[in-house]
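Remarks on the overall topology
What follows is each chain in one-letter form.
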Amino acid sequence: MRPRIPRLPKAKRSEVWIMGAAGVGVLAPLYMIMPGADERLAKQTTKWAPRWEKNITYFAPPVERGMKRVEPPVSRVVQSIEERLPLERMAKGVDSSIKAGIERFSPKPKN
């Protein structure tokens, strides 16, 4: 009787993106420290930069319009959250507790 191996579920789109970003985050620094990476990167940049610039000019106006539409409601939400949160009082409390901890563990001056 053959052993039964459980099948893995199909990866979700978000899982694929996260794993891809993690791979880039790990492998890019390793690629940069390899000998000759500067030359290879410069060669690829000169090859692909004109295409990227052309594509960016194609996508930039719709993105700018979308950001102009989205920015006012987002700023209103941020302001309302800032008004509701006691951030200043919390910051003062954290500051006083840090100072009290420093005073408690710092050596006393000898007179």
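About the cut-offs
Residues numbered from 1 in each chain as written. Predicted model: local features only at pLDDT ≥ 70, side-chain atom pairs only at ≥ 80, totals over all residues. Heavy atoms only, no water. Phe/Tyr/Trp six-rings, centres within 6.5 Å; stacked < 30°, edge-to-face > 60°. Buried < 20%, exposed > 50% of the residue type's maximum accessible area, 1.4 Å probe, protein only. Lys NZ or Arg CZ within 6 Å of the ring centre and 35° of its normal. Patch = residues over 30% accessible without salt bridge, like charges linked within 9 Å, V, L, I, M, F, W, Y side chains within 5 Å. Areas by Shrake-Rupley, 256 points an atom, 1.4 Å probe, with all protein chains shown as cover. Salt bridge = Lys/Arg side-chain N within 4 Å of Asp/Glu carboxyl O. Helix = DSSP H or I, 4+ residues; strand = E, 2+ residues; numbered from the N terminus.

Things to note about the packing of aromatic side chains
Here the structure, examined in full by the defined rule, presents 1 aromatic pair. Where tyrosine 58 meets phenylalanine 59, the ring centres are 5.0 Å apart and the plane angle is 80 degrees; that geometry is what we call edge-to-face. In this pair, the class of tyrosine 58 matches that of phenylalanine 59, namely exposed. The ring of tryptophan 48 carries arginine 51 above its face, with NZ or CZ at 4.6 Å from the centroid.

Some remarks on a nonpolar patch on the surface
Residues Val26, Leu27, Leu30, Tyr31, Met32, Ile33, Met34 and Leu41 make up a contiguous nonpolar surface patch of about 770 Å² in total accessible area. With 6 residues, helix 1 (residues 13-33) is the largest single contributor of residues to the nonpolar patch. Among the structural elements, methionine 32 can be located in helix 1.

Digging into the pattern of salt bridges
Across all of its chains, the model carries 2 salt bridges by this definition. The partner of glutamate 88 in a salt bridge is lysine 92, with the nearest N and O atoms 3.4 Å apart. Separated by 4 residues within a single helix, glutamate 88 and lysine 92 lie in helix 3 (residues 87-105), roughly one turn from each other. On the accessibility criterion, glutamate 88 (56% relative accessible area) is exposed. A salt bridge links aspartate 95 to lysine 99; the nearest nitrogen and oxygen atoms lie 3.4 Å apart. Taken together, the residues aspartate 95 and lysine 99, both in helix 3 and 4 residues apart, mark about one turn of the helix. A residue is classified by how much of its surface remains accessible, and aspartate 95, at 39% relative accessible area, is partly exposed.

Section: the environment of arginine 76
Relative to the elements of secondary structure, arginine 76 occurs in helix 2 (residues 37-84). A relative accessible area of 54% means that arginine 76 is categorised as exposed. In sequence terms arginine 76 and alanine 11 are 65 residues apart; their C-alpha atoms lie 37 Å from each other.

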